[in-house]
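Secondary and tertiary structure notes
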Amino acid sequence: MLRVLLSAQASAARLSGLLLLPPVQPCCLGPSKWGDRPPGGGLHAGPVQGLQRLLEQARSPGELLRWLGQNPTKVRAHHYPVALRRLGQLLGSQPRPPPVEQATLQDLSQLIIRNCPSFDPHTVHVCLHLAVLLGFPSDGPLMCALEQERRFRLPPKPPPTLQPDLCGGQRLEAALSCPRLLRRPRQHLIRSLAEARPEELTPNVMVLLAQHLARHRLREPQLLEAIAHFLVVQEAQLSSKVVQKLVLPFGRLNYLPLEQQFMPCLERILAREAGVAPLATVNILMSLCQLRCLPLRALHFVFSPSFINHISGTPHALIVRRYLSLLDTAVELELPGYRGPRLPRRQQVPIFPQPLITDRARCKYSHKDIVAEGLRQLLGEEKYRQDLTVPPGYCTDFLLCVSSSGAVLPVRTQDPFLPYPPRSCAQGQAASQATTHGPTQRVVLMLRERWHFCRDGRVLLGSRALRERHLGLLGYQLLPLPFEELESQRGLPQLKSYLRQKLQALGLRWGPEGG
């Protein structure tokens with residue numbers, strides 16, 4: 001050991017590292033089992049600090065050992081790192097370090113080995129670090145004892161679980177249940193999971209897959225078609241509570257599958273279980289409403305007085321009434337030939353009385369504030385309304401009232417709402433034409449943020465497409481503002497120029513020349 005510490009193995013780089021270490025303080029090393037007290041107080045505070053100063057000022061390794069050996073009642077755990085650090089300073093501060101007796105180093109090592117069970121984890125770590133810098137051999141008794149104490153203080157690791165060989169369906173379920181995959185969706189990984197054989201797929205696996213696609217807005221035709229095929233094949237074994245989860249991604253991702261039996265299968269399931277699970281039934285119809293595929297027989301059932309009375313006393317009555325109100329709006333606007341029962345007016349509630357949850361959660365990433373400021377500087381505050389909810393309950397981003405000549409009018413002087421239900425008997429296109437050629441038009445600026453689209457950025461999510469479709473059928477003139485165009489504007493001046501071009505393209509005028 002003498003040769004190890006004083007020969008070339010105790011290199012200058014190691015010893016200079018010791019010189020750069022800050023002095024070891026008792027308070028930073030933590031209390032030991034010997035009953036350390038904070039400096040400045042307690043019965044032994046003075047002697048303990050005095051011993052540390054003696055160690056820091058020792059002039060030789062022998063003097064270090066002498067101070068430690070002659071004061072056993074005053075030695076604390078943090079004194080040993082102080083001694084090791086001082087030893088390194090003595091060996092590295094002089095070109096020719098003083099000779100060190102091998103017995104001295106062995107006695108110092110034995111002192112540390114004997115007392116290291118009382119060290120706290122930080123003291124063990126510091127001693128290990130200093131011993132490495134001093135060049136103590138890794139297989140020597142000091143290093144082995146400190147390493148053993150370090151491992152003893154580590155939290156126990158749980159034994160590794162032996163995973164049996166999983167078949168394709170089980171691998172798919174395990175992968176989709178992994179939180180890491182849910183946080184970081186990888187489309188290429190999802191595609192590879194579709195290679196599982198059909199007989200290995202279970203309802204639980206397919207539900208996990210459907211939820212994953214919907215949550216992360218992954219519009220993967222191959223996987224969506226696999227879910228649709230599974231639903232058709234397993235129709236007899238699936239309850240409506242499972243079916244609502246399988247159908248969810250189709251409406252959310254605005255994807256109508258190519259599977260020809262998809263709609264007939266869902267109609268049979270709704271006819272079979274509509275009265276068993278009311279909420280699941282309405283959830284299925286909501287997904288089909290986004291796809292513009294509402295089955296008339298199911299609508300007759302959910303609008304019947306018996307169904308409405310049945311759900312009135314349930315815990316989910318409000319959400320069902322909101323969904324039924326949206327379905328009734330879809331019937332009003334998109335099914336002019338429907339002659340069945342409708343939701344009574346007293347049961348109707350606003351569909352979306354406030355911005356959607358995703359917009360509220362991502363408001364700090366939205367372009368709404370800067371667009372509002374651009375409109376304020378361009379038109380003036382009295383020429384637009386922000387976040388106005390129009391009948392039957394759709395929240396608009398920005399609404400303008402425009403005269404027949406194209407002049408943007410102060411909103412406070414106009415009724416910003418178009419009538420609902422539309423007055424035109426022909427619904428849809430005729431209603432839009434009637435309001436377009438009327439004395440006042442309503443122009444709605446629609447922000448199309450990045451999260452309003454499926455992951456590929458080209459297809460609007462079902463709920464967004466439904467809102468725009470219904471607002472257009474109500475007679476509002478829509479002016480989309482895509483996120484790609486908004487993100488390309490550098491600063492407010494460019495954004496104002498962009499908005500000016502968009503509004504002028506519609507023939508709108510404002511300011512002194514616009515009235």
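Refer to the structure above for everything that follows.
First, a word on scope: everything that follows refers to the structure included in this document. In this text the structure is predicted, and so the values were computed from the model without any measurement. (Residues numbered from 1 in each chain as written. Predicted model: local features only at pLDDT ≥ 70, side-chain atom pairs only at ≥ 80, totals over all residues. Heavy atoms only, no water.)

Thoughts on the overall build of the chain
A tally of regular secondary structure across the chain gives 26 helices and seven strands. When burial is assessed residue by residue, the chain has 48% of its 515 residues classed as buried. Excluding contacts between residues fewer than 6 apart, the proportion of contacts in the chain whose partners are at least 24 apart in sequence is 74%. (Helix = DSSP H or I, 4+ residues; strand = E, 2+ residues; numbered from the N terminus. Buried < 20%, exposed > 50% of the residue type's maximum accessible area, 1.4 Å probe, protein only. Contact = heavy atoms within 4.5 Å.)

Considerations on the packing of aromatic side chains
Going through the model one piece at a time under the given rule, you end up with five aromatic pairs. With 5.5 Å between their ring centres and 35° between their planes, Y80 and F119 make a pair best called tilted. One end of the pair, Y80, is in helix α6 (residues 79-92); the other, F119, is in the loop between α7 (102-115) and α8 (121-134), with 39 residues separating them in the sequence. Grouping residues by exposure puts Y80 and F119 together as buried. (Phe/Tyr/Trp six-rings, centres within 6.5 Å; stacked < 30°, edge-to-face > 60°.)

A few points about helix α19 (residues 305-312)
Considered for burial, the residues of α19 that qualify are F307, I308 and I311. Down the axis, α19 shows its buried residues gathered within 95° of arc, on one side only. Facing away from the buried side of α19 by more than 90 degrees, the exposed set consists of P305, S306 and N309. Each element contacted by the buried residues of α19 is listed here: α17 (278-290), α18 (296-302) and α20 (317-334). (Arc of directions from axis to C-beta.)

Details of the packing of helix α13 (residues 203-215) against helix α15 (residues 240-252)
It is at 8 Å that the axes of α13 and α15 come closest, and there the two elements cross at 30°. Between α13 and α15, the interaxial angle falls into the category roughly parallel. As for the relative orientation of α13 and α15, their crossing is left-handed in sense. Residues P203, M206, V207, A210, Q211, L213, A214 and R215 of α13 form the contact with α15, whose own contacting residues are V242, K245, L246, L248, P249 and R252. (Axes fitted to C-alpha atoms, helices over the stretch in contact; angles between N-to-C directions. Parallel < 35°, antiparallel > 145°, perpendicular 65-115°, else oblique. Left-handed = near helix turned anticlockwise from the far one by under 90°.)

Considerations on the pattern of salt bridges
Summed over all chains, the structure comprises 15 salt bridges. With its nearest N and O atoms 2.7 Å apart, the salt bridge here joins E373 to R376. Pair noted here: E373 and R376 are both in helix α22 (residues 368-378), with a separation of three residues, about one helical turn. R448 serves as the salt-bridge partner of E468, at 2.6 Å between the closest nitrogen and oxygen. Separated by 20 residues along the polypeptide, E468 in helix α24 (residues 462-474) and R448 in strand β6 (residues 440-448) bring together distant segments of the chain. (Salt bridge = Lys/Arg side-chain N within 4 Å of Asp/Glu carboxyl O.)

Here we look at the pairing of β6
For β6, a buried count of eight out of nine residues is recorded, marking the element as mostly surrounded by other parts of the structure. Where strand β4 (residues 398-403) and β6 come together, six bridges link them in antiparallel fashion. Paired with C401 across the strands is R442, a residue of β6. Here six bridges tie β6 to strand β7 (residues 477-482), and the two strands are oriented parallel to one another. Residue pairing across strands places L447 opposite L481, the latter belonging to β7. Handedness of the crossover is the feature at issue here: the chain leaves β6, passes through α24, returns alongside β7, and the resulting connection is right-handed. (Pairing = 2+ DSSP bridges. Right-handed = clockwise from strand over helix to strand, strands pointing away.)

Quick look at the nonpolar core
By size, the foremost hydrophobic cluster in this structure holds 71 residues, and its most contacted members are L231, F303 and L324. In contact with L231, not counting residues within four places along its chain, are L238, V243, L246, V247, C265, L266 and I269. Within the second largest apolar cluster, 33 residues are counted, among which are A77, A83, V126 and M143. (Core = buried A, V, L, I, M, F, W, Y, C linked by side-chain atoms within 4.5 Å.)

Focus: unusual backbone geometry
In this model, P391 is joined to P392 through a cis peptide bond whose omega is 5°. Along the chain, P392 turns up in the loop between β2 (389-390) and β3 (394-395). P421 follows Y420 through a cis peptide bond whose omega is -5°. Along the polypeptide, P421 turns up in the loop between β5 (408-409) and α23 (428-436). Of note, R217 is a non-glycine position whose phi angle comes to about 60°, a positive value.

Considering helix α26 (residues 492-505)
Between the first and last C-alpha of α26 there are 20 Å, a value that for 14 residues agrees with the 20 Å anticipated at 1.5 Å per step. Of the positions making up α26, those classed as buried are L495, Y498, L499 and L503. Down the axis of α26, the buried set is contained in an arc of 130°. They therefore lie on one face. For α26, the exposed residues lying more than 90 degrees away from the buried face are P493, Q501 and A505. Among the structural elements, α22, β4, β6, β7 and α25 (483-487) are those in contact with the buried residues of α26. (Expected span 1.5 Å × (residues − 1).)

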